[in-house]
Amino acid sequence: MKKIQMVDLKSQYEKIKDTVNISIQEVLDTNTYINGPQVHQFQKSLEEYLDVKHVIPCANGTDALQIAMMGLDLKPGDEVITADFTFAATVEVIALLQLTPVLVDVDLYNMNISIEGIKKAITPKTKAIVPVHLFGRAANMEAIMAIAKEYNLYVIEDNAQAIGANCKFSDGTKKKAGTIGHVGATSFFPSKNLGCYGDGGAIFTNDDALAHKLRGIVNHGMYERYHHDVVGVNSRLDSIQAAVLNAKLPLLDQYGRARQDAARKYSAAFEGHKNIVAPSICDICDCHVFHQYTLRIIDADRNGLMQHLLDKGIPCAIYYPIPLHSQKAYADSRYKEEDFPVTNKLVTEVLSLPMHTELDEEQIKFITDSVLEFLK
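Residues numbered from 1 in each chain as written. Predicted model: local features only at pLDDT ≥ 70, side-chain atom pairs only at ≥ 80, totals over all residues. Heavy atoms only, no water.

**With respect to the domain arrangement of the protein chain**
How big an interface is tends to be reported as the loss of accessible area on association of its parts.
Argument step 1. Assigned domains of the protein chain: these are domain 1 (9-104 + 111-249) and domain 2 (252-375).
Argument step 2. Averaged C-alpha coordinates put domain 1 and domain 2 at centres separated by 25 Å.
Argument step 3. Listed per partner, the contact involves 39 residues of domain 1 and 30 residues of domain 2.
Argument step 4. A buried area of about 3,100 Å², summed over both sides, lies between domain 1 and domain 2, and 57% of it is on carbon and sulfur atoms. (Domains from an automatic or database assignment. Contact = heavy atoms within 4.5 Å. Buried area = accessible area lost by both parts, 1.4 Å probe.)

Shown next as structure tokens:
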């Protein structure tokens, strides 16, 4: 059996190496390392894939979130609601901009931000909501947009983990995660579903005026060289990373299906087990692209299971072990433990198994057998 990886980028590269190498060589041959043709090609291709008017490439996913917020002219002290159960980058940029993070609990079923939690957290100072499409599953954007409309709030989608996922609305229409709010942000970190070979990110919007402002912000506030019209930053997707993404983007839906197939095999093996809550996935699933495959281990030794898997050479991880409201950097007297019953439960239960495009049946069987062996 091939060695199991949490994310197997090497095997993925072997299948696309000719395309990737040719794409990178074009950058080397033309010496257009910054803002070259490969960047413009990727921007246009991603706009077409997402069916969004504007994609603004940038240096990484954290920058994408920060720049999106900068473009909305939020002021110090404005409150921004987001999920307690997620990676710190989401709340980090809120704090960096001297905005006030307002953390709310998540839904036990899908682990995305609680709709009721959002409603309860709104105050006269609330200016924006940042839903995170966690682990690849689209959040309930129809409900979130309805709340935003009622209270005149911005919606900034953190789509770092769910590019390619669809959000389905009650009228039957579908839109890509990240393109529904006023602005969306994503990451092309190597382990993401659409990952480059370094750092990269992008911002999405259908608002022409906002897109114009964002394009200035990512380039030191310049639209014309040495004319600084807005306060900006230096955050550009370099041409070599764009070259890699150009090779991978046409395969993104195929990659998503491979992840979904692996998820189905995992979940079939765990079905009905009293100690395992596995992610749900239907036969025509397109709302979850499984950036992570995350179990909940209930009434059993989650940490013991993790060590058992590691001892057998199976990588696994806890995403996330500490709630954001309990992190030293973001602790606040406003937060009470009773406000976060789901998050506090999840951090003691969640365990993520290997998930990537190259998992084969032998590996999946070994992983699932090993989990069941411990939980027998």
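**Overview of the sheet that holds strand 8 (residues 183-187)**
Argument step 1. Overall, mixed pairing links the seven strands, which are arranged 1-9-8-5-4-2-3 in an open sheet. The open sheet is flanked by strand 1 (54-58) and strand 3 (100-104), the only strands paired with a single partner. The mean inter-strand angle of the sheet, taken between neighbouring strand axes irrespective of direction, is 25°.
Argument step 2. As paired elements, strand 1 and strand 9 (residues 201-205) share five bridges and run antiparallel to each other. Considered in strand 9, the bridge of His-54 is made with Thr-205.
Argument step 3. Against the sheet, helix 3 (residues 61-71) touches strand 1, strand 4 (126-130), strand 5 (154-158), strand 8 and strand 9, its axis set at about 165° to strand 8.
Argument step 4. Relative to strand 5, helix 6 (residues 141-151) is tilted by about 150°, and along the sheet it contacts strand 4 and strand 5. (Pairing = 2+ DSSP bridges. Helix = DSSP H or I, 4+ residues; strand = E, 2+ residues; numbered from the N terminus. Axes fitted to C-alpha atoms, helices over the stretch in contact; angles between N-to-C directions.)

**Details of the environment of Ala-143**
Argument step 1. By secondary structure assignment, the location of Ala-143 is in helix 6.
Argument step 2. Note: C-alpha distance between Ala-143 and Gln-66 (77 residues apart in sequence) is 24 Å.

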